[in-house]
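Chain by chain, the residues:
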Amino acid sequence: MTYQPDKLRYFAFALDPIHVGTGGYRLGRVDMTIVREPGTNLPKIPGTSISGAARTYAAMQEEGKFPGCAGQSGHCGDPHCPICVTFGFAGTQNGSFQGLAQFFDARLLFFPVHSLAGPVWVTCPEALKDVGVAVDEPDNNFVVVTTDVQQSGKLNLGWLMLGVKPNDPLILNLPQVPQEILNHAVLVSDKMFGHIVNDNLEVRTSVSIDPQTGAAAEKALFTYEALPRASVLYFEVVVSDPKFYQINGQQPLSSNGGKQKVIQTIQKGLALFETLGVGGMNTRGMGRLRVLNLSVGGAQ
Ligand SMILES: [Zn+2]
């Protein structure tokens, strides 16, 4: 029997617009762009951003037992510290350790767009395939819609008008995603998905405040992109079993829960995403993300 680490798949719903920035370079029409996948150009939330926030939020719930372990340095490196074992540590007397949870990028699954049929959630075969749902890809100028989405032969998605494929309703079985979203899903080709997402991102304008004076700084207007509220994303976390590892000659978490403790620690961290958020500009009402399928035993 070969050893297989646990693969947890999480689905998440944006309660606010979400801005995970690339570092503030001006590219085209916006000052602060969001991170994109190289091949598809689709926005994503990097696994490192998810893992960093989950680490901080999980540590906050350890009631001060591991105060140095929340951030990027100052870790305790104790084999019984759930934060260090789960998320890794560096520069301790026990050396460095990669961490038993490996976080992958969050990718878009359903993207909300306004249409004459009301709000709809656009998706594509490539995204659905990643979560185990196989569908036929429509041509670039066609959509496949559910019976709840009006079917008058054409459907607009933002400014774009596409033909509706007749007699072929879209039925999606994804129990982790709210039925309301599945009922208003619209399937487009992989290529059109990229166009529709990039044409319908939120672009906001804001004023930066000079910390010295409290007034608006000179040349202070800046624009930034964000994933819109009600976007649905998914991401995976791979969990390795502590019994195959050693930290300073000891099996990590051997006396306080083993692998279940790692999963619990991940989920405690993820549970606070819906109140404390992920990414930048949380003080501007951005970033809250509800993880939809948290459970005691791990993701469903
Ligand atoms: Zn620690």
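Residues numbered from 1 in each chain as written. Predicted model: local features only at pLDDT ≥ 70, side-chain atom pairs only at ≥ 80, totals over all residues. Heavy atoms only, no water.

*Asks:* When you look at the environment of valine 207 in this model, what are you seeing that I'm missing?
*Replies:* Tracing the backbone through its elements, the reader meets valine 207 in strand β12 (residues 202–209). With a relative accessible area of 33%, valine 207 lands in the partly exposed category. (Helix = DSSP H or I, 4+ residues; strand = E, 2+ residues; numbered from the N terminus. Buried < 20%, exposed > 50% of the residue type's maximum accessible area, 1.4 Å probe, protein only.)

*Asks:* Is there a simple way to think about the packing of aromatic side chains in this case?
*Replies:* The description of an aromatic ring pair uses the distance of the two centres, along with the angle that the planes make with each other. Scanning all chains against the criterion turns up five aromatic pairs. A ring pair is formed by tyrosine 10 and phenylalanine 235, whose centres lie 5.6 Å apart and whose planes are at 35°; its orientation type is tilted. Of this pair, tyrosine 10 sits in strand β1 (residues 6–14) while phenylalanine 235 sits in strand β14 (residues 232–239), and the two are 225 residues apart along the sequence. The exposure class of tyrosine 10 is buried, given its relative accessible area of 0%. With centroids separated by 5.7 Å and ring planes inclined at 90°, the aromatic side chains of tyrosine 57 and phenylalanine 273 adopt a geometry described as edge-to-face. Here the residue tyrosine 57 occupies a position in helix α1 (residues 47–60), and phenylalanine 273 occupies one in helix α7 (residues 273–276), the gap between them amounting to 216 residues. One exposure class covers both tyrosine 57 and phenylalanine 273, and it is buried. (Phe/Tyr/Trp six-rings, centres within 6.5 Å; stacked < 30°, edge-to-face > 60°.)

*Asks:* Which parts of the structure should I look at to understand the packing of α1 against helix α6 (residues 258–271)?
*Replies:* The geometry of a pair of packed helices is captured by two quantities: the angle between their axes and the separation between those axes. It is the contact of α1 with α6, at a shortest axis distance of 7 Å, that shows an interaxial angle of 95°. Here α1 is positioned roughly perpendicular relative to α6, judged by the angle of their axes. Note on element contacts: α6 touches α1 through Thr265, Gly269 and Leu270, opposite Ile50, Ala54, Tyr57 and Ala58. (Axes fitted to C-alpha atoms, helices over the stretch in contact; angles between N-to-C directions. Parallel < 35°, antiparallel > 145°, perpendicular 65-115°, else oblique. Contact = heavy atoms within 4.5 Å.)

*Asks:* What am I meant to see in the nonpolar core here?
*Replies:* It is characteristic of soluble globular proteins that their nonpolar side chains tend to be buried jointly. Counting residues in each nonpolar core, the largest one holds 87 residues, and the members touching the most others are Leu109, Phe110, Leu157, Leu174 and Val188. Residues within four places of valine 188 in sequence aside, it is in contact with Val122, Thr123, Cys124, Pro125, Pro138, Phe142, Val143, Leu157, Leu162, Phe193 and Ile196. (Core = buried A, V, L, I, M, F, W, Y, C linked by side-chain atoms within 4.5 Å.)

*Asks:* Just checking my understanding: could you explain the coordination of the zinc ion for this structure?
*Replies:* At 2.2 to 2.4 Å from the zinc ion lie its protein donor atoms, namely Cys69 (SG), Cys76 (SG), Cys81 (SG) and Cys84 (SG). The sequence motif formed by the donor residues of the zinc ion is C-x6-C-x4-C-x2-C. (Donors = N, O, S within 2.8 Å, 3.2 Å for Na, K, Ca; no water.)

*Asks:* In this structure, what is going on with the environment of glycine 257? I would like to understand it.
*Replies:* By the secondary structure assignment, glycine 257 is in the loop between β14 and α6. With relative accessibility at 47%, the residue glycine 257 sits in the partly exposed group.

*Asks:* I keep staring at the pairing of strand β6 (residues 106–115) and nothing clicks. Help me out?
*Replies:* On a regular strand, one side chain projects to one face of the sheet and the next to the other, so that they alternate. Taken across its ten residues, β6 has eight buried, putting it largely inside the fold. Examined bridge by bridge, strand β2 (residues 44–45) and β6 share two bridges and lie antiparallel to one another. Paired with isoleucine 45 across the strands is alanine 106, a residue of β6. Alignment of β6 against β14, held across three bridges, turns out to be antiparallel. Paired with arginine 107 across the bridge in β14 is tyrosine 234. When β6 meets strand β7 (residues 118–123), the two strands line up antiparallel, connected through five bridges. Residue pairing for β7: valine 113 is matched across the bridge by valine 120. (Pairing = 2+ DSSP bridges.)

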